[in-house]
Amino acid sequence: MDYTQHVAEIRRRQDRVRPAGIPREVVHPLGDLTVPEYVDAWAQRQPEQAAVVHDDVVIDYGDLAERQARWAGWLRAKGVLPGDRVAVHLGNVPEFVVAMLGTLRAGGVHVPVNAMFQHAELVHELSDAEVSVAVTSAPLAQRLCEAAAEAGVPTVVVLADAADPLPAVPGVSVHRWSEALAAAPLAEPATDLDALAALNYTGGTTGVPKGCEHTQRHMVYTAVSAAGANGFEGTRIVSLCFIPVFWIAGEDLGILIPLVMGGTAVLMERWDPAAVVDLVERHRVTTTAATVENYLDLLEVPGVAERDLSSFTAPMTMSFIRKLTPEIRRRWAEVVGPHSVIREGSYGMTESHTVDVVPHGFHREDHDLLTQPVFCGLPVPGTDVIVVDPVTAEPVEVGGPGEILLRSPSIMTGYWRNPEASAQQLRDGWLHTGDTGYLDEDGCLHYLARTKDMIKVKGMSVFPAEVEMFLMRHPDLASVAVVPAADEATGQRPVAFVALRDGATVGADELGEWARGQMAGYKVPLIEVLDQFPMTDTGKIRKAALLDRAQDLVSALG
């Protein structure tokens, strides 16, 4: 469908309210380069500038450029060819960054894998992506190697000290990270910006997670457009990231934005408010993304009002459970200083590389917090957003709710080896998000509802179909239905109603314990065994009839 005239009108509305200093076009700081080429270029210009910080380790751009080249050289020496997939099963450590950059340099495909995953989840992603090499840490090595053996991954690299034993799993060749970093560097990086560069897996409403196909052009555009839309251009970006970098939001915040823009990535593996204050002061951190609860934690750090947090100009929040309010914003400014304005981060999806619409510049008089929720703001430079009727796909009137559609240079090429799902989501250059929202008189996006069926647990996406699939692997279960319930501690919680096979006697507690070995902890549902399900006339489970019961179960836990 041709939305040309409608898009032109929306852009006209947006241009009249776009904050001063925010570019309307994307300008790449060093030209049309790949991500590893950006690192090389910054290494030439500022070799001693800190690129990645983790605990007491500081890696400058010169060192980072050499490490990525050595990892790329090792991959090539092991027979990894352009287009081959390399999985990185790590937390927020510098080796994750090196592995990602070196894989891209060698023309490989970066596959970030959730470090919280259990065996079945690992086997799915490793086998679905047909991974050639996987990188993991010593504490996770046995789990990863066992999954690799089942998934047909021939080579695993482990971050292990010389004295640490390596797993011995038949069919898997295991190497130390130090061996890889001793390889001869690959001098010439792959330069095709449009080749497949990453598979970022996202949940699905109809089954297991799907790999979103992203290119380096998507990555670089995301970094540059996000920097411009958030007013970062012309400043040195020092981004503190404790969000897992194996999630695409963490990849943007903790790797792409700071490194493409020549800044510094400060990585943390877990939230520690006192440590955050220290890092902001020591490394002159300018931005981060954290929950409202995290910022309230920072305000309770002893002596925080006396600390030098003058660099911390762009704290962004994610209102998963507790919402950002004018009162919290004012309290933050009173303690940290008026230069530091908390605002929401961005609207986006894994399919679009996540930074699509931002509220930067709309904080005056708390406009972003006091208008009809949830205020998302304006698209980043180069991105368009419209709202259409979910049935006819015709644009709706300004102020009318409908499905949010996105068009940008960072929209995925498609779902990995899933043309049917790709065709459903990608139509005529537009990503059909499935989310509901509306555009106001100024063309600003307001978000109303999540993608159908998705459950958010502390901001992490849980798809009922995936949980149902894992539970149905239990031999005693005949059927499963997973629904959401509100939870004061986590925002939402999955609740699974199950029916047993004839003769089975397994209980809910035993099933829950079994489930914890099958999936990441945030996906594990509260379970209740039913004698029978409420059914529709066509023989389908009536999930809507289970919602109140699910809420009662969660509420009873207190």
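Fair warning: this is a prediction, and the values are worked out from it, not measured in the lab.

What counts, and where the lines are drawn
- Residues numbered from 1 in each chain as written.
- Predicted model: local features only at pLDDT ≥ 70, side-chain atom pairs only at ≥ 80, totals over all residues.
- Heavy atoms only, no water.
- Helix = DSSP H or I, 4+ residues; strand = E, 2+ residues; numbered from the N terminus.
- Rg over C-alpha atoms; globule rule 2.2 N^0.38 Å.
- Buried < 20%, exposed > 50% of the residue type's maximum accessible area, 1.4 Å probe, protein only.
- Core = buried A, V, L, I, M, F, W, Y, C linked by side-chain atoms within 4.5 Å.
- Contact = heavy atoms within 4.5 Å.
- Axes fitted to C-alpha atoms, helices over the stretch in contact; angles between N-to-C directions.
- Parallel < 35°, antiparallel > 145°, perpendicular 65-115°, else oblique.
- Left-handed = near helix turned anticlockwise from the far one by under 90°.
- Nonpolar A, V, L, I, M, F, W, Y, C, P; charged D, E, K, R; others polar.
- Salt bridge = Lys/Arg side-chain N within 4 Å of Asp/Glu carboxyl O.

### Description of the overall build of the protein chain
- Scanning the protein chain from N- to C-terminus turns up 17 helices and 26 strands.
- Relative to the 2.2 N^0.38 estimate, which gives 24 Å for 558 residues, the radius of gyration of the protein chain is 24 Å and therefore close to what a compact globule would have.
- Per-residue burial over the protein chain gives 58% buried out of 558 residues.

### Side note on the nonpolar core
- Residues L64, W71 and W177 are the most contacted members of the largest nonpolar core, which totals 72 residues.
- Residues contacting W71, with those up to four places away along its chain left out, are V86, V98, A99, G102, T103, V133, V135, V157, W177 and A180.

### So, the packing of helix 2 (residues 35–45) against helix 9 (residues 248–260)
- Their axes nearest at 9 Å, the elements helix 2 and helix 9 cross at an angle of 50°. In terms of orientation, helix 2 and helix 9 fall into the oblique class. The two elements helix 2 and helix 9 cross, and the hand of that crossing is left-handed. Packed against helix 2, whose contacting residues are V35, Y38 and W42, the element helix 9 presents L256, L259 and V260 at the interface.
- When the residues that make up the contact of helix 2 with helix 9 are grouped by side-chain class, the tally is six nonpolar, no polar and no charged.

### Thoughts on the side chain of Q518
- Locating Q518 in the fold gives a position in the loop between helix 16 (508–516) and strand 26 (526–529).
- The contact partners of Q518, leaving out residues within four places of it in the chain, are Q118, A120, E121 and F470.

### Some details on the pattern of salt bridges
- The final tally for this structure, using the stated rule, is 27 salt bridges.
- The partner of E66 in a salt bridge is R70, with the nearest N and O atoms 3.0 Å apart. Taken together, the residues E66 and R70, both in helix 3 (residues 61–77) and four residues apart, mark about one turn of the helix.
- When its relative accessible area of 39% is taken as the criterion, E66 is described as partly exposed.
- R417 serves as the salt-bridge partner of E130, at 3.0 Å between the closest nitrogen and oxygen. Separated by 287 residues along the polypeptide, E130 in the loop between helix 5 (119–128) and strand 5 (131–137) and R417 in the loop between strand 18 (402–407) and helix 14 (419–425) bring together distant segments of the chain.
- You can call R417 exposed: its relative accessible area is 52%.
- Through salt bridges that share partners, E9, R12, R13 and E441 make up one connected network.

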